[in-house]
Amino acid sequence: MSTTMTSRNDTLFDRAQRIIPAGVNSPVRAFRAVGGTPRFIARAEGPHTWDADGKRYIDYMGSWGTAVVGHAHPKVVEAVREAAGRGLSYGAPTEAEIELAELLAKLVPSMALVRLVSSGTEATMTALRLARGFTGRPKIIKFEGCYHGHGDSLLVKAGSGALTFGNPSSAGVPPEIAGHTIVLSFNDTAQLEDAFRKMAGEIAGVIVEPIAGNMNLVEGSAEFLRRMRDLCTQHGAVLIFDEVMTGFRVGLECAQGRYGITPDLTTLGKVIGGGMPVAAFGGRRDIMECVAPLGPVYQAGTLSGNPVAVAAGLATMKIVQEPGFYDLLSLHTEALVEGLTLAAKKCRVPFSAKSVGGMFGLFFRATPPTSFAEVMQCDKDAFNRFFHAALERGVYFAPSAFEAGFVSAAHTEAEIGDTVSVAVQAFGQ
Ligand SMILES: *Cc1c(COP(=O)(O)O)cnc(C)c1O
């Protein structure tokens, strides 16, 4: 039933657009790719969110992957309350920061030293500066469709929001800066070898999402990532695994553990803050010792290692270390992906899906893509119809065909079953 009554979401969107560009504080939230009114969220708990009109959704956006233990987990909320009571920010070191850094280094052994920051963008931006400072070289290799935050050097043929709006390279990045970013095709080993053959002496580092989650979901092939590791070692370039999304989302050992590849630097974010602004970069001791004040590469942050945010991160990281956490998360995510695939088949919709740990990709094409070009072949209009039909029926997928989806530990068989039932109707739209 459609209604002519103005919803509270509509009213808020009108008001927001008068004071905030496009009414949102991060582009994809504006629903431009899928059309319609963004849902203003009033609260969230477990696998659910509620919008300003009081409508409940099964949430597969999960605050872009941060909500791996589910929304408002009682243990996380309690940790935040306790920390807040002791003061919101000190701008001086705390014991909890050491605890989180030690834990990250224990779980991700490639990180001999770790520094905490407040966003994934800060982490990747600093990792690049560090690669350049360490090697004394200017150029960075990235891959088309990978998103590494909105630092100048990295907003060249980026994925995610940038991709959603069809201008993956941002205005306002001087050509002198963009010119130092070499963009290659994801999973194209020959092209990577060629780039090193031609420019090895100038390449400071290679940054990659080992499992790309910002052009929907495309796994790096083992051969591609292994060769990348070898080439970086051979030519003294810094290999940066951007695990802001995959870190503690695909498993406790992160993507690097799954592949058995040791990067020189790693960036983390999303899950490690449990919904609060915490991110990190870390890696080889000799490289990390270049960071100020030990070394000449500058990086700082008023709110870095914020005690309330770190408390949320630590509480979340405690939960994900419980035995069987990722086994169950993977099982539920696989069940969702299989259910959706069957539903699509029933409706004769060309569709495929896949999952890695607690993240998944939905593709409106017959087989899962293995390259950026194949991602581009997905039927965007079919996705948009599916998205709105699901949303209307109380299932919230990310509002873009290029975003990955996320299951949390709070999603049970009941929510997954309900989602598949909704999908049968939504595919039929
Ligand atoms: C989300 C994301 C970022 C950026 O993190 P922000 O906290 O949004 O700045 C960087 N890299 C990857 C792979 C991401 O998924």
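What counts as what
Residues numbered from 1 in each chain as written. Predicted model: local features only at pLDDT ≥ 70, side-chain atom pairs only at ≥ 80, totals over all residues. Heavy atoms only, no water. Helix = DSSP H or I, 4+ residues; strand = E, 2+ residues; numbered from the N terminus. Rg over C-alpha atoms; globule rule 2.2 N^0.38 Å. Contact = heavy atoms within 4.5 Å. Areas by Shrake-Rupley, 256 points an atom, 1.4 Å probe, with all protein chains shown as cover. Lys, Arg positive; Asp, Glu negative; His and termini not counted. Charge placed at Lys NZ, Arg CZ, Asp CG, Glu CD. Core = buried A, V, L, I, M, F, W, Y, C linked by side-chain atoms within 4.5 Å. Buried < 20%, exposed > 50% of the residue type's maximum accessible area, 1.4 Å probe, protein only. Domains from an automatic or database assignment. Pairing = 2+ DSSP bridges. Axes fitted to C-alpha atoms, helices over the stretch in contact; angles between N-to-C directions. 1 Å grid on protein atoms, 1.4 Å probe; cavity = no way out; pocket = protein on both sides within 12 Å on 5 of 7 lines; lining within 4 Å. Points joined across faces, edges and corners; volume = space filled by probe spheres on them. Nonpolar A, V, L, I, M, F, W, Y, C, P; charged D, E, K, R; others polar. Near = heavy atom within 4 Å. Polar contact = N/O pair within 3.5 Å; in protein donor to acceptor, adjacent residues only side chain to side chain. Buried area = accessible area lost by both parts, 1.4 Å probe. Salt bridge = Lys/Arg side-chain N within 4 Å of Asp/Glu carboxyl O. Expected span 1.5 Å × (residues − 1). Arc of directions from axis to C-beta.

A look at the overall build of the protein chain
Next up, step 1: Helices and strands together make up the secondary structure of the protein chain, namely 16 helices and 16 strands.
Next up, step 2: The C-alpha atoms of the protein chain give a radius of gyration of 21 Å, which matches the 22 Å a tight globule of 429 residues would have.
Next up, step 3: For the C-alpha atoms alone, the extent of the protein chain along its principal axes is close to 65 × 55 × 45 Å.
Next up, step 4: Long-range pairs, those at least 24 residues apart, make up 72% of the contacts in the protein chain between residues at least 6 apart in sequence.
Next up, step 5: Per element, the accessible surface of the protein chain, about 18,100 Å² overall, is 53% carbon and sulfur.
Next up, step 6: Across the protein chain, the mean location of the 39 positive side-chain charges is 3 Å away from that of the 42 negative side-chain charges.

Some remarks on the nonpolar core
Next up, step 1: In this structure, Y60, L104, F248, M317 and F397 are the most contacted members of the largest nonpolar core, which totals 67 residues.
Next up, step 2: If you tally residues by element for this core, the top one is helix 12 (residues 307-320), at nine residues.
Next up, step 3: Inspection of this core shows a minimum of three residues originating in each of domain 1 (8-72 + 323-428) and domain 2 (74-320).
Next up, step 4: Counting 40 residues, the second largest nonpolar core, distinct from the first, contains F143, F363, C378 and F402.

Describing the sheet that holds strand 14 (residues 359-363)
Next up, step 1: Read from one edge to the other, the open sheet built from three strands follows the order 13-14-16, with strand pairing classed as antiparallel. Only two strands of the sheet have a single neighbouring strand rather than two, namely strand 13 (352-356) and strand 16 (405-406).
Next up, step 2: Bridge count for strand 14 against strand 16 is two bridges, and the pairing is antiparallel. Directly across from M359, in strand 16, lies its bridge partner F406.
Next up, step 3: Sheet strands touched by helix 13 (residues 325-346): strand 13 and strand 14. Its angle to strand 13, the strand with the most contacts, is close to 180°.

Some words on empty space enclosed by the protein
Next up, step 1: What the rule picks out here adds up to four cavities of 30 Å³ or more.
Next up, step 2: By volume, the largest cavity is sized at about 90 Å³.
Next up, step 3: Lining the largest cavity, in full, are Y60, N216, F360, L362, F383, F397, A398, S400, A401, E403, A404 and G405.
Next up, step 4: Of the residues that constitute the lining of the largest cavity, the class distribution is eight nonpolar, three polar and one charged.

Notes on the site of the ligand
Next up, step 1: Taken together, the residues surrounding the ligand are S119, G120, T121, Y147, H148, G149, E209, N214, D242, V244, M245 and K270.
Next up, step 2: One of the backbone nitrogen or oxygen atoms of G120 is found 2.8 Å away from an oxygen atom of the ligand.
Next up, step 3: One nitrogen or oxygen atom from the side chain of D242 is found 2.7 Å from a nitrogen atom belonging to the ligand.
Next up, step 4: Considered on its own, the ligand offers 380 Å² of accessible surface; in the complex 82% of this is hidden by protein.
Next up, step 5: For the shell around the ligand, a count of residues per class yields three nonpolar, six polar and three charged.

Quick look at the domain arrangement of the protein chain
Next up, step 1: Looking at the assigned domains, one finds that the protein chain contains domain 1 (8-72 + 323-428) and domain 2 (74-320).
Next up, step 2: Computed over C-alpha atoms, the centres of domain 1 and domain 2 are 25 Å apart.
Next up, step 3: Taken together, the contacts link 37 residues of domain 1 with 34 residues of domain 2.
Next up, step 4: In total, about 2,900 Å² of surface goes out of reach between domain 1 and domain 2, with carbon and sulfur atoms giving 66% of it.
Next up, step 5: Linking domain 1 with domain 2 are one salt bridge, by the criterion used here.

Considering helix 3 (residues 74-85)
Next up, step 1: With twelve residues, helix 3 should reach 16 Å at 1.5 Å per residue; the first-to-last C-alpha distance of 17 Å fits that figure.
Next up, step 2: All of the buried residues in helix 3 are V76, A79 and A83. For helix 3, the arc enclosing every buried residue in end-on projection is 60°, short of the 170-degree limit, so these residues lie on one face. Away from its buried face, by an angle of more than 90 degrees, helix 3 presents the exposed residues P74, R81 and G85.
Next up, step 3: Contact partners of the buried residues in helix 3: helix 12.
Next up, step 4: One or two positions beyond helix 3, positive phi appears at G87, with a value near 115°.

A short note on unusual backbone geometry
Next up, step 1: Here the amide bond leading from A292 into P293 is cis, since omega sits at 5°, within 30 degrees of zero.
Next up, step 2: Phi angles above zero are rare outside glycine, and F31 is one such case at about 65°.
Next up, step 3: In this fold, F31 is placed in the loop between helix 1 (8-19) and strand 1 (41-45).
Next up, step 4: Phi angles above zero are rare outside glycine, and R348 is one such case at about 55°.

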